[in-house]
Amino acid sequence: MEVVVSQKVINEGNVPFLMIVMGKNRRKIRQIMAGKKKISMVTCYDYSFASCLNKSDVDIILVGDSMANVCLGLSDTKEVSTSEMLNHTLAVAKGAPDKIIVADMPYAGCQKKTSRPQETAKKFIEAGADAVKVEWFRGCKKVIKNLINNDILVMGHIGLTPQTIHLLGGHKVQGKNKGSVDRLAKQAKQLQELGVFSIVLECMQQDAAKEITDILEIPTIGIGAGKYCDGQVLVLYDLLGLYPGKMKFVRRFSDLSVQIKDAVNSFNQEVKKETFPLEEESF
Ligand code: KIV
């Protein structure tokens, strides 16, 4: 008999029902983390994309607060609210019931003085996340310890941490000198000791990411951190070629923005030519 490890509350219209999830995803997380294969993670923010990802082979879906940038057009991830992140986590969980889902703890619900991280994390688990991701900040160890003591799975995040970008002097590659590498390595070790199940390494020198990966027993998942990490994560809209800006570390595996423009132009032409809709497309 398996133990119940998480409960997902899903609202179907006005009828809330409780879905008891047996240990499946925790076991899956353990298997993926212990496996020899590199881990893949992509961000996702809505039901339709989540449904596509549910059919893909990707290991983990991250409901990232990068939603602020790519969905809301904001420059600062701190501006996304907890309720926005919760709504999108619900949508993703609904679209990708077979995937491991990690939800980003937004600044407002984790680092803000008035926030209650414990309650925020619980809401994400109720919305369908299997784990939460907490970016490194001054008080993060206390927060993470509390979450883990309350049986919530936590993914760490060090390096270029967008929620505290002002303390890092802007968007700069991390781990460029010994002092910086030592600081990052210490943070990684501390997170591991607290019990996080993996750590995202964002935008750091490849050698620094290698050093950190080598000293850890838990896997690292890199973004702009080179090839030595145990896994890689990309923002979905970046890898699909949907987001206008492109960082050096992004590879566009598709060019959907061109395909979308072409499809919409075809629609526009057919409307103008009065060849859409056809008889068979009408009631
Ligand atoms: O929000 C996000 O997309 C992230 C990734 C950069 C790891 O945290």
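Presented here is a report on the structure given in the accompanying data block. (Residues numbered from 1 in each chain as written. Predicted model: local features only at pLDDT ≥ 70, side-chain atom pairs only at ≥ 80, totals over all residues. Heavy atoms only, no water.)

1. Examining the sheet that holds strand β5 (residues 100-104)
Strand pairing in a sheet relies on backbone hydrogen bonds. The paired strands run either parallel or antiparallel.
Okay, step 1: With parallel pairing, 8 strands are arranged side by side around a closed barrel as β3-β4-β5-β6-β7-β8-β9-β10. If you compare each strand with its neighbour and ignore which way they point, the axes differ by 25° on average.
Okay, step 2: Pairing analysis gives 4 bridges linking strand β8 (residues 198-202) to strand β9 (residues 220-223), with the strands arranged parallel. Opposite V200, over in β9, you have I221 as the bridge partner.
Okay, step 3: Running over the sheet, helix α8 (residues 178-194) touches β7 (154-159) and β8 and is turned about 175° from β7. (Pairing = 2+ DSSP bridges. Helix = DSSP H or I, 4+ residues; strand = E, 2+ residues; numbered from the N terminus. Axes fitted to C-alpha atoms, helices over the stretch in contact; angles between N-to-C directions. Contact = heavy atoms within 4.5 Å.)

2. Some words on the layout of surface pockets
Okay, step 1: Estimated volume of the largest pocket: approximately 630 Å³.
Okay, step 2: For the largest pocket, the lining is made up of 31 residues, of which S66, N69, P162, E202 and V235 are closest to its centre.
Okay, step 3: Mapped by element, the contributors of at least two residues to the lining of the largest pocket are β3 (39-43), α3 (67-70), β6 (131-135) and β8.
Okay, step 4: Taken together, the residues of the lining of the largest pocket sort by class into 14 nonpolar, 9 polar and 8 charged. (1 Å grid on protein atoms, 1.4 Å probe; cavity = no way out; pocket = protein on both sides within 12 Å on 5 of 7 lines; lining within 4 Å. Points joined across faces, edges and corners; volume = space filled by probe spheres on them. Nonpolar A, V, L, I, M, F, W, Y, C, P; charged D, E, K, R; others polar.)

3. Remarks on the nonpolar core
Okay, step 1: Within the largest apolar cluster, 59 residues are counted, with the highest numbers of intra-cluster contacts made by V134 and I158.
Okay, step 2: For this core, the element with the most residues is α8, which contributes 5 residues.
Okay, step 3: Residues contacting I158, with those up to four places away along its chain left out, are W136, L184, Q187, A188, L191, I199, V200, L201, E202, M204 and I212. (Core = buried A, V, L, I, M, F, W, Y, C linked by side-chain atoms within 4.5 Å. Buried < 20%, exposed > 50% of the residue type's maximum accessible area, 1.4 Å probe, protein only.)

Honestly, it's all geometry; don't read function into it.
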